[in-house]
There are 2 protein chains.
Amino acid sequence: MINLNECFKLIIGHGMANRSDTKTRILDAAEKLFAERGFSETSLRLITSKAEVNLASVNYHFGSKKELIRAVLARYLDVFMPGASTELTKLVQNNENASLETIFSALVRPLLDLNKVRTEGTRIFLQLLGRGYIESQGHLRWFITTHYGEHLDRFVQVVSQSAPHIPPAEMFWRLHFTLGTVVFTMASSDALMEIAEADFKEQNDIESVIRKVIPYMAAGVAVPVSKA
Amino acid sequence: MINLNECFKLIIGHGMANRSDTKTRILDAAEKLFAERGFSETSLRLITSKAEVNLASVNYHFGSKKELIRAVLARYLDVFMPGASTELTKLVQNNENASLETIFSALVRPLLDLNKVRTEGTRIFLQLLGRGYIESQGHLRWFITTHYGEHLDRFVQVVSQSAPHIPPAEMFWRLHFTLGTVVFTMASSDALMEIAEADFKEQNDIESVIRKVIPYMAAGVAVPVSKA
DNA sequence: GTCTATATATAGATAGAC
DNA sequence: GTCTATCTATATATAGAC
């Protein structure tokens, strides 16, 4: 008498989980929960129960919760960052003086491509990014800037070139205002879409929200510095 | 032989703490820690040890941590909200068609007045607001909208009137983008000011950051709606 | 690799003496 | 009103059998 589980093991190899592998199941469950509830409000217990894997497997595969968080984000950043850089390069080649709105819009395609990688990928990624910048006291900021710094620098460079009337120090502030805008919007996007639906009968998805926020941010970044 | 503590009790009444009263000491310690570290990262143990009061006194005076959080915010909102409404009223009386930048700027004085109420009051209040909107899953949002809804409605009304080319649904989104901008900026203001100092030798305080962010937000809210 | 069981830490909240 | 001591819940992390 052998049970179903043992039967699978015989077919696909010993020690290999039947369904998709445990590591992936953890990442998939974790990213959804992190995006919805935030990092500190999501326990490993909740993750492993949703993933239908053992509690101890998180530490086996990732070492700690912090490293799991980084792994969840890395899976997206490794796709998005090179994609974004490619788009920026194409843009600069074709159009020396692209507008800010064009530059921001160039990031939309790489963002939406994340939906091909995983269901609701775009929404989840942006919410994760939001949570990450807001919640974590440094370790994610550090992780992102050290691992993807060259892409970020490239972005800053292209934006600065497109708005040469903004001095570097002012641009620093405005890009952080922009980060705040997008990060907060994405972290609360579910709630905001619900309200927009209830109060204005507006149907939105993550793309339409992105399209709304781009003009706002582009106008803010480029507004002339007041002389006061 | 009586000690100093007993002596104070004899003078100012029994059961009354000598220093400022326990409730206030808790509020003062809590608001600093909440602003710096966020709500869920701040334990009652940390608060009471900084306040030099007993752990149990939080529950005695406030009932729960959630209620303490609300009390901390209420102490500021009760000053700020009426002040802001007064400024808006004055503005509308003097100037039917005030610009968005003027409207936002009208809130600066009530904000800075919080520095008179308590040391670093402005910074702490804005950081708390940022943390509150970002962290809490509803209970603070609910508290703010139900207790201060009329002031918020008034603000929305004045802004909408100043940008009549923006339809209400679009204004809803843009005001939330604005909320995100200010809230994220304030929650990370300490880090941003440090970086600006290190990288650009720029000395900033909370007022100068507010002055920087206003033109950004005003431009974003008023930018014409794209026809796409 | 995966499981059970547990170590260890820390949280919010409360009972009851004073 | 304030204290000590403790309850209860929940967290991350790990040891060791399989």
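The rules behind these values
- Just so you know, the residues in each chain are numbered from 1, in the order the chain's sequence is written.
- Written order decides the labels, with chains lettered from A and ligands numbered from 1.
- Local features are withheld for residues below a pLDDT of 70 in this predicted model, meaning they are given only at 70 or higher, and side-chain atom pairs are given and counted only at 80 or more; totals for whole chains, interfaces and linings count all residues.
- Remark: hydrogens and water are excluded; side-chain values derive from all non-hydrogen atoms of the structure.
- Note that the domain bounds reflect an automated or database-derived domain assignment.
- Note on definitions: a residue-residue contact is assigned when non-hydrogen atoms from the two residues lie within 4.5 Å.
- Buried area: the sum, over both parts, of the accessible surface (1.4 Å probe) that disappears when the two are put together.
- The rule for a salt bridge is simple: a side-chain nitrogen of Lys or Arg has to be within 4 Å of a carboxyl oxygen of Asp or Glu.
- As used in this structure description, the phrase polar contact means that two N or O atoms lie within 3.5 Å; if the pair is within protein, one of them must be able to donate a hydrogen and the other to accept it, and residues adjacent in sequence are counted only when both atoms belong to side chains.
- Classification convention: Asp, Glu, Lys, Arg as charged; Ala, Val, Leu, Ile, Met, Phe, Trp, Tyr, Cys, Pro as nonpolar; all other residues, Gly among them, as polar.
- Two aromatic rings from Phe, Tyr or Trp, using only the six-membered ring of Trp, form a pair when their centres are within 6.5 Å; if the ring planes differ by under 30 degrees the pair is stacked, by over 60 it is edge-to-face, and anything between is tilted.
- Throughout this description, buried means an accessible area under 20% of the type-specific maximum (1.4 Å probe, protein chains only), exposed means over 50%, and partly exposed covers the range between.
- Working definition: helices are DSSP H or I runs of at least four residues, strands are E runs of at least two. Numbering for both runs from the N terminus.
- Throughout this description, the term charge over a ring refers to an Arg CZ or Lys NZ atom that lies within 6 Å of the ring centre and within 35 degrees of the ring normal.
- How far a helix is expected to stretch is found by multiplying one less than its residue total by 1.5 Å.
- Note on definitions: angles span 0 to 180 degrees between N-to-C directions of axes, and those axes are lines fitted to C-alpha atoms, for helices only across the stretch in contact.
- Working rule for handedness: look at the near helix, and if it is turned counterclockwise from the far one by less than a right angle, call the crossing left-handed; if clockwise, right-handed.
- A least-squares fit on C-alpha atoms brings the copies together, and the residues used are those whose pLDDT is at least 70 in both copies.

Observations concerning the domain arrangement of chain A
Residues and elements named next belong to chain A.
Next, step 1: Domain annotation of chain A identifies domain 1 (1–63) and domain 2 (72–222).
Next, step 2: The straight-line distance from the C-alpha centre of domain 1 to that of domain 2 is 31 Å.
Next, step 3: Facing 13 residues of domain 1, the contacting portion of domain 2 comprises twelve residues.
Next, step 4: Summing both sides of the interface, domain 1 and domain 2 together bury roughly 1100 Å²; the carbon and sulfur share of this comes to 59%.
Next, step 5: Three residues, Glu31, Ala35 and Phe39, lead the burial of domain 1 against domain 2; their summed loss comes to 56% of the area buried on that side.
Next, step 6: Linking domain 1 with domain 2 are three salt bridges.
Next, step 7: Here Arg118 makes a salt bridge to Glu31, at a shortest N to O gap of 3.4 Å.
Next, step 8: Summed over the shared surface of domain 1 and domain 2, the number is six residue pairs in polar contact (both at pLDDT 80 or more).
Next, step 9: Residue composition of the side of domain 1 that touches domain 2, by class: five nonpolar, three polar and five charged.

Brief notes about the packing of aromatic side chains
Next, step 1: Using the criterion set out here, one finds 19 aromatic pairs over all chains in the structure.
Next, step 2: Judged by centre distance (6.1 Å) and plane angle (80°), the ring pair of Phe143 of chain A and Tyr148 of chain A falls under edge-to-face. Assigned by exposure class, Phe143 of chain A and Tyr148 of chain A land together as buried.
Next, step 3: An angle of 50° between the planes, with centres 5.6 Å apart, marks the rings of Phe172 of chain A and Phe200 of chain B as tilted. Of this pair, Phe172 of chain A sits in helix α10 (residues 168–187) while Phe200 of chain B sits in helix α11 (residues 189–200), placing the two residues on different chains.
Next, step 4: Judged by its relative accessible area of 11%, Phe172 of chain A is buried.
Next, step 5: One aromatic cluster is present, formed by Phe172, Trp173, Phe177, Phe200 and Tyr216 of chain A together with Phe172, Trp173, Phe177, Phe200 and Tyr216 of chain B through successive ring pairs.
Next, step 6: Above the face of the Phe62 of chain A ring, Lys23 of chain A is positioned so that its terminal group lies 5.8 Å from the ring centre.

Overview of helix α2 (residues 22–37) of chain A
All names here are of chain A.
Next, step 1: Taking 1.5 Å per residue, 16 residues should reach 22 Å; α2 reaches 22 Å between its end C-alpha atoms and fits that length.
Next, step 2: Looking at the packing, one finds that the buried side of α2 touches α3 (44–51), α4 (56–62), α5 (65–94) and α8 (121–135).
Next, step 3: Following α2 by one or two positions, Gly38 has its phi on the positive side, about 90°.

Topic: the packing of helix α5 (residues 65–94) of chain B against helix α7 (residues 108–117) of chain B
Residues and elements named next belong to chain B.
Next, step 1: Remark: α5 packs on α7, axes separated minimally by 9 Å, with the N-to-C direction vectors making an angle of 145°. Considering the relative orientation of α5 and α7, their crossing is right-handed. Residues Tyr76, Val79, Phe80, Gly83, Ala84 and Glu87 of α5 touch α7, and the partners they reach there are Arg109, Pro110, Leu111, Leu114 and Val117.
Next, step 2: A per-class count over the contact of α5 with α7 returns eight nonpolar, one polar and two charged.

Here's the deal with the relation of the copies chain B and chain A
Next, step 1: Placing chain B over chain A gives an RMSD of 0.0 Å and needs a rotation angle of 180°, together with 0.0 Å of translation along the axis. Viewed as a symmetry operation, the transformation between the two copies matches a two-fold axis. Taking C-alpha positions as the reference, the residue of chain B nearest the rotation axis is Thr181 of chain B, at 2.2 Å.
Next, step 2: Taken as a fraction of all interface residues of chain B, those also at the interface in chain A reach 100%, which identifies the copy contact as same-surface.

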